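Each chain, letter by letter, is given below.
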Amino acid sequence: MDRLTNVVAEQNCAGCNLCALACSFFNTEERVFNPSKAFIQIERKDGQNSFAVSFKEDCLDCGTCAEYCHYGVLSAE
Amino acid sequence: MGKIGGYAGNILHVDLSTGDVIKKPLTESLMRQFLGGSGINALLAYEAVKPSADPLSPDNALAFGAGPFVGTLILGAGKSCASTKMPTSGQIDTSTTGSFGKLKFAGYDHLVITGKAERPVYLHIFNDRVEMVDAGHLWGRDIHEATDLLWQELGKEHNVMTIGPAGENLVIDANVIGDKYSGYSRGGIGAVMGSKNLKAIAVHGTQDIHVARVAQFEQLLSRLTAQFFDQRLLKEWRRYGTLISLKPMAQTGLYAHKNYQEAVAAEKIIDSFDVNAFLEHKSGDVACMSCPIGCKHFLRLKEGPHAGLTLSVGCANAALQTWGAYCGVLGQWEEVFKSADLCNRLGLDWYNASALICWSIELYRRGIIDRGDTDGLELDWNNAPAIQELIQNIAYRRGFGETLAQGMKAAPGIIGKNSEDYIVHIDGLAPPFDPRMRLSTESVSQFVNNRGGHSVAVTTTMMRRKPGQMRRYAERAGFPPQDAMDRVLSGPEEFNPGRISKWFEDNVAVLDSLGLCQFPPFQRVNLAAWAELYSALTGIDLNAEQMLQAGERATNLRKAFNLREGVTRSGSFQPRRFTTETLTFGDETRDPLPQADLTRMIDDYHDERGWLPDGTIRPEKIAELGLDQYLGGGQNG
């Protein structure tokens with residue numbers, strides 16, 4: 001099935017991690033901030049301040065990350 | 001009360017001499033008194049730095065801190081702070097940067113480092129695993145190389161704070177750079193790390209940060225977000241970063257030139273540094289953690305002698321001020337960024353390194369030094385290759401660079417003659433703002449703040465405002481309080497530069513303590529809004545007045561640190577140039593700042609602070625802030 005939440009402009013990612021912080025806060029039962037518990041991953045590329053953005057397999061596709069992305073990297077239909 | 005939110009709840013102490021690693025709980029009392037970040041750092045540094053310590057000895061200490069907002073969704077909450085006894089002057093530093101926030105996810109709000117390792121090490125922190133690791137393979141490497149090696153060894157998810165060759169070589173103005181883009185730049189923190197044989201700190205973690213009152217926090221966060229994005233110019237902040245101020249700063253004459261002998265004419269600097277040409281080199285935005293603005297830049301130079309160079313720049317305007325305007329390298333973005341990049345790799349403070357080089361160029365032009373002194377280097381304004389060679393010579397202490405590596409306080413004594421007449425620093429730090437062009441918090445705070453010649457922050461006083469605007473700003477931001485309003489917001493421009501500096505300083509101390517960015521979009525948020533968010537996040541109820549007092553408490557504790565270390569008002573160094581020489585700004589000339597005016601503004605600041613004219617803290621103020629318990633018997637040292 002097609003995902004509703006997608007990476008549409010990875011090159012715009014500035015590495016702020018708001019998406020991962022939002023994901024962990026809204027999708028953990030204990031309501032905590034913890035990027036390692038997020039279903040979205042931001043990984044540094046090429047030893048620079050540019051980033052790869054991906055979803056873990058068990059991502060809920062809830063669109064929260066897109067709501068908190070201010071850089072136009074993510075889109076939720 | 002339930003679990004405290006926001007805070008990780010621990011202070012990590014590492015003694016590099018003994019290898020001891022101790023985790024101590026952060027007490028609620030400290031949270032209430034000092035909030036976190038730079039505030040709690042002030043106390044940790046006061047306690048961990050041995051009195052009268054040589055800054056480059058094992059008796060000095062490093063305190064790092066990331067405030068309670070860091071690691072949450074609160075906008076702009078990505079800042080960490082470092083405090084130490086600065087090699088530049090022996091005063092206390094409070095340096096902030098956008099990296100190192102992952103300390104919180106490792107389970108710590110603060111990290112205190114004491115002693116000295118026997119051989120070069122780096123500190124690796126991953127949750128409870130804290131290791132001093134041999135750094136023989138990193139020593140001698142520049143900051144980018146060392147960072148890459150650590151990312152390869154440990155994983156690229158780590159925040160890596162590294163010194164370069166300048167720090168290893170104990171260059172007084174050495175800095176620390178995090179993740180290749182942002183650093184603890186001023187005061188010589190890099191040299192302190194170097195003196196401890198500490199090449200780098202790499203941190204990552206998987207710990208939770210809790211929220212005490214979730215529903216209220218969510219509600220307040222939504223309100224903050226709506227109000228924040230209602231501000232003007234946020235898109236421009238993203239696009240241009242700090243270059244958003246290029247035109248108004250140019251028109252106000254705030255680009256000092258040729259060792260502060262001139263201010264660059266407005267049209268000249270606007271024409272020389274076309275922001276659209278800058279955007280040609282821009283390859284992407286770089287953001288601190290939790291920042292929706294992303295004012296920093298990832299650059300890939302497209303053309304010119306350094307085509308292909310990639311670098312990340314925190315404050316592009318500072319690069320322009322230092323390696324462009326000060327040094328007379330006008331119209332050459334590529335050379336400005338090449339010089340900035342060299343410093344970021346070698347680990348040198350842009351402001352002091354460029355000011356030392358400008359001073360050298362002036363001495364050379366005046367015949368006070370010659371090629372025999374400079375190892376054959378022809379020093380001149382706009383001579384970028386010579387400037388860049390000198391940057392390297394400073395970092396590696398080669399030839400004339402060895403003299404400049406001693407810093408702004410010591411170098412004139414080495415050169416002798418009348419070289420001190422031309423050096424421009426305030427207590428060891430080159431000031432970014434020339435008070436002859438404009439009296440504002442930016443320029444006046446450089447003479448009074450605890451670090452020396454660095455502005456407390458860029459504030460709303462930087463440009464001339466419309467009538468009534470200062471009062472509206474004060475009402476929006478929530479300070480100064482009503483009973484101080486008439487006293488502070490008076491004068492030709494509706495503010496008293498000395499008095500208002502106190503209030504901006506305390507507000508910035510709050511932001512630094514919470515872990516917030518101090519740029520204008522964040523300064524403008526009402527203090528009460530931050531206080532409500534703090535209470536909802538942590539579960540500790542504080543109001544705006546109490547928060548502002550916490551900022552004041554931290555500022556006074558830093559002052560007490562300086563007093564303990566023998567720093568006095570009468571011993572403060574001020575450059576001759578500002579009070580004795582006229583300044584040219586295009587077709588205009590500006591008179592020297594009368595010494596009496598400067599003295600009065602410093603007096604005003606001290607009076608507003610509740611300090612005595614000699615700069616010591618009134619006992620009543622110490623009691624009011626509850627600082628007696630920390631200062632022992634000697635309130636002023």
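These numbers come from a predicted model, not from an experiment.

## Notes on the overall build of chain B
Okay, step 1: Per the secondary structure count, chain B includes 27 helices and 19 strands.
Okay, step 2: Its C-alpha atoms give chain B a radius of gyration of 23 Å, near enough to 26 Å, the size a compact globule of 637 residues would have.
Okay, step 3: Once the C-alpha set of chain B is aligned to its principal axes, its extents read approximately 70 × 60 × 50 Å.
Okay, step 4: A burial count over chain B gives 61% of its 637 residues as buried.
Okay, step 5: Across chain B, the fraction of contacts at a sequence separation of at least 24, relative to all contacts at a separation of at least 6, is 69%.

## Quick word on the overall build of chain A
Okay, step 1: Across its full length, chain A holds two helices and four strands.
Okay, step 2: When the elements of chain A are put in sequence order from the N terminus, they spell out β-α-β-β-α-β.
Okay, step 3: Here the C-alpha atoms of chain A give a radius of gyration of 12 Å, agreeing with the 11 Å that 2.2 N^0.38 yields for 77 residues.
Okay, step 4: Once the C-alpha set of chain A is aligned to its principal axes, its extents read approximately 35 × 25 × 20 Å.
Okay, step 5: Burial status across chain A gives 44% buried among its 77 residues.
Okay, step 6: If you take every contact in chain A between residues at least 6 apart in sequence, the share linking residues at least 24 apart comes to 53%.

## As for helix α14 (residues 384–395) of chain B
Residue and element names in this part refer to chain B.
Okay, step 1: Compared with an ideal rise of 1.5 Å per residue, which puts 12 residues at 16 Å, α14 spans 17 Å between its outermost C-alpha atoms and is within 8% of the ideal.
Okay, step 2: Among all positions of α14, only Ile387, Gln388, Leu390, Ile391, Asn393, Ile394 and Ala395 are buried.
Okay, step 3: Here the buried face of α14 lies against α4 (165–168), α12 (333–346), α13 (350–365) and α15 (400–404).

## Considering the packing of helix α22 (residues 527–538) of chain B against helix α23 (residues 544–564) of chain B
Residues and elements named next belong to chain B.
Okay, step 1: For the pair α22 and α23, interaxial distance at closest approach is 8 Å and the crossing angle is 95°. Overall, the two elements α22 and α23 adopt an arrangement that is roughly perpendicular. Contacts between α22 and α23 pair Leu527, Ala528, Trp530, Ala531 and Tyr534 from the former with Ala544, Met547 and Leu548 from the latter.
Okay, step 2: Class assignment for the residues of the contact of α22 with α23 results in eight nonpolar, no polar and no charged.

## Regarding the interface of chain A and chain B
Okay, step 1: At the interface, 25 residues of chain A touch 28 residues of chain B.
Okay, step 2: Every element with two or more residues in the side of chain A that touches chain B is listed here: α1 (18–27) and β2 (40–45) of chain A.
Okay, step 3: Top contributing element to the side of chain A that touches chain B by residue count: α1(A), with four residues.
Okay, step 4: When its residues are assigned to classes, the side of chain A that touches chain B shows 11 nonpolar, 10 polar and four charged.

## A word on the domain arrangement of chain B
All names here are of chain B.
Okay, step 1: For chain B, the domain assignment lists domain 1 (10–204), domain 2 (232–422) and domain 3 (441–523 + 543–631).
Okay, step 2: Distance from the C-alpha centre of domain 1 to the C-alpha centre of domain 2: 26 Å.
Okay, step 3: Domain 1 puts 34 residues into the contact, and the matching count from domain 2 is 27 residues.
Okay, step 4: Of all the secondary-structure elements, those providing two or more residues to the side of domain 1 that touches domain 2 are α3 (143–154) and α4.

## Regarding the packing of helix α20 (residues 497–514) of chain B against α22(B)
Residues and elements named next belong to chain B.
Okay, step 1: For the pair α20 and α22, interaxial distance at closest approach is 12 Å and the crossing angle is 25°. Judged on the interaxial angle alone, α22 and α20 are roughly parallel. With respect to the hand of their crossing, α20 and α22 are arranged in left-handed fashion. Packed against α20, whose contacting residues are Asn507, Val510 and Leu514, the element α22 presents Leu527, Trp530 and Tyr534 at the interface.
Okay, step 2: Classifying every residue of the contact of α20 with α22 gives five nonpolar, one polar and no charged.

## Quick notes on the environment of B:Ile189
Residues and elements named next belong to chain B.
Okay, step 1: Within the fold, Ile189 resides in helix α5 (residues 189–195).
Okay, step 2: Spatially, the C-alpha atom of Ile189 lies 28 Å from that of His606, the residues being 417 residues apart in sequence.
Okay, step 3: Ignoring sequence-local partners within four residues, the contact set of Ile189 consists of Ala82, Thr84, Asp93, Ser95, Asn175, Val176 and Tyr184.

## A word on the sheet that holds strand β10 (residues 176–178) of chain B
Hydrogen bonds between backbone groups are what pair the strands of a sheet, and the pairing can be parallel or antiparallel.
All names here are of chain B.
Okay, step 1: Judged by pairing direction, the sheet is mixed, and its six strands sit side by side in the order β8-β7-β12-β9-β10-β11 without closing on themselves. Two strands lie at the open edges of the sheet, namely β8 (129–134) and β11 (182–184), each paired on one side alone. Within this sheet the neighbouring strands show an average axis-to-axis angle of 20°, counted without direction.
Okay, step 2: Of the pairings in the sheet, the one linking strand β7 (residues 121–126) to strand β12 (residues 198–204) comprises six bridges and is parallel in character. Following the sheet pairing, Val121 is matched in β12 by Leu198.
Okay, step 3: This element, α3, spans β7, β9 (159–162), β10 and β12 of the sheet and lies at about 145° to β9.

## So, the nonpolar core
Okay, step 1: Residues A:Cys19, B:Ala45, B:Ala200, B:Ala319, B:Leu348, B:Ile391 and B:Val510 are the most contacted members of the largest nonpolar core, which totals 233 residues.
Okay, step 2: Here this core takes 11 residues from α13(B), the largest share from any one element.
Okay, step 3: For B:Ala200, the contacting residues outside a window of four places in its chain are B:Tyr122, B:Ala135, B:Leu138, B:Ala146, B:Leu150, B:Val160, B:Met161 and B:Thr162.

## Thoughts on α3(B)
Residues and elements named next belong to chain B.
Okay, step 1: Taking 1.5 Å per residue, 12 residues should reach 16 Å; α3 reaches 16 Å between its end C-alpha atoms and fits that length.
Okay, step 2: Burial in α3 covers these residues: Ile143, His144, Ala146, Thr147 and Leu150. The arc that holds every buried residue of α3, seen down its axis, measures 165°, which confines them to one face.
Okay, step 3: In this fold, the buried residues of α3 make contact with β7, β9, β10, β12 and α12.
Okay, step 4: Just downstream of α3 lies Gly155, where phi reads positive at about 115°.

## What to know about the pairing of strand β1 (residues 10–15) of chain B
Residues and elements named next belong to chain B.
Okay, step 1: Where β1 meets strand β2 (residues 21–25), five bridges bridge the pair, whose relative direction is antiparallel. Opposite Ile11, over in β2, you have Lys24 as the bridge partner.
Okay, step 2: Hairpin connection, β1 to β2: the antiparallel pair is bridged by five residues, and Gly19 has positive phi, about 80°.
Okay, step 3: Here β1 runs beside strand β6 (residues 110–114); their pairing, made up of five bridges, is parallel. The residue of β6 that forms the bridge with Asp15 is Thr114.

## Overview of the sheet that holds strand β17 (residues 310–313) of chain B
Residues and elements named next belong to chain B.
Okay, step 1: Taken in spatial order, the three strands line up as β15-β16-β17 in an open sheet, and their pairing is antiparallel. Looking at strand neighbours, the two that pair on one side only are β15 (282–286) and β17, the edges of this open sheet. Averaged over neighbouring strand pairs, the angle between their axes works out to 20° when direction is ignored.
Okay, step 2: The pairing of strand β16 (residues 296–300) with β17 spans four bridges and is classified as antiparallel. Of the residues in β17, the one forming a bridge with Leu299 is Leu311.
Okay, step 3: Contacting β16 and β17, α12 crosses the sheet at an angle of about 80° to β17.

## Regarding the confidence of the model for chain A
For any part of a model where pLDDT is low, the fine detail of the predicted coordinates should not be relied upon.
Okay, step 1: On average, residues of chain A score 95 in pLDDT, and 99% of them are at 70 or above.
Okay, step 2: Across chain A, α1(A) holds the top mean pLDDT of 98, while strand β4 (residues 74–76) of chain A sits lowest at 95.

Scoring rules and cut-offs
Residues numbered from 1 in each chain as written. Chains lettered and ligands numbered in written order. Predicted model: local features only at pLDDT ≥ 70, side-chain atom pairs only at ≥ 80, totals over all residues. Helix = DSSP H or I, 4+ residues; strand = E, 2+ residues; numbered from the N terminus. Rg over C-alpha atoms; globule rule 2.2 N^0.38 Å. Buried ≥ 20, exposed ≤ 12 C-beta atoms within 10 Å, placed from the backbone. Contact = placed C-beta atoms within 7 Å. Expected span 1.5 Å × (residues − 1). Axes fitted to C-alpha atoms, helices over the stretch in contact; angles between N-to-C directions. Parallel < 35°, antiparallel > 145°, perpendicular 65-115°, else oblique. Nonpolar A, V, L, I, M, F, W, Y, C, P; charged D, E, K, R; others polar. Domains from an automatic or database assignment. Left-handed = near helix turned anticlockwise from the far one by under 90°. Pairing = 2+ DSSP bridges. Core = buried A, V, L, I, M, F, W, Y, C linked by C-beta atoms within 7 Å. Arc of directions from axis to C-beta. pLDDT = per-residue confidence, 0-100.

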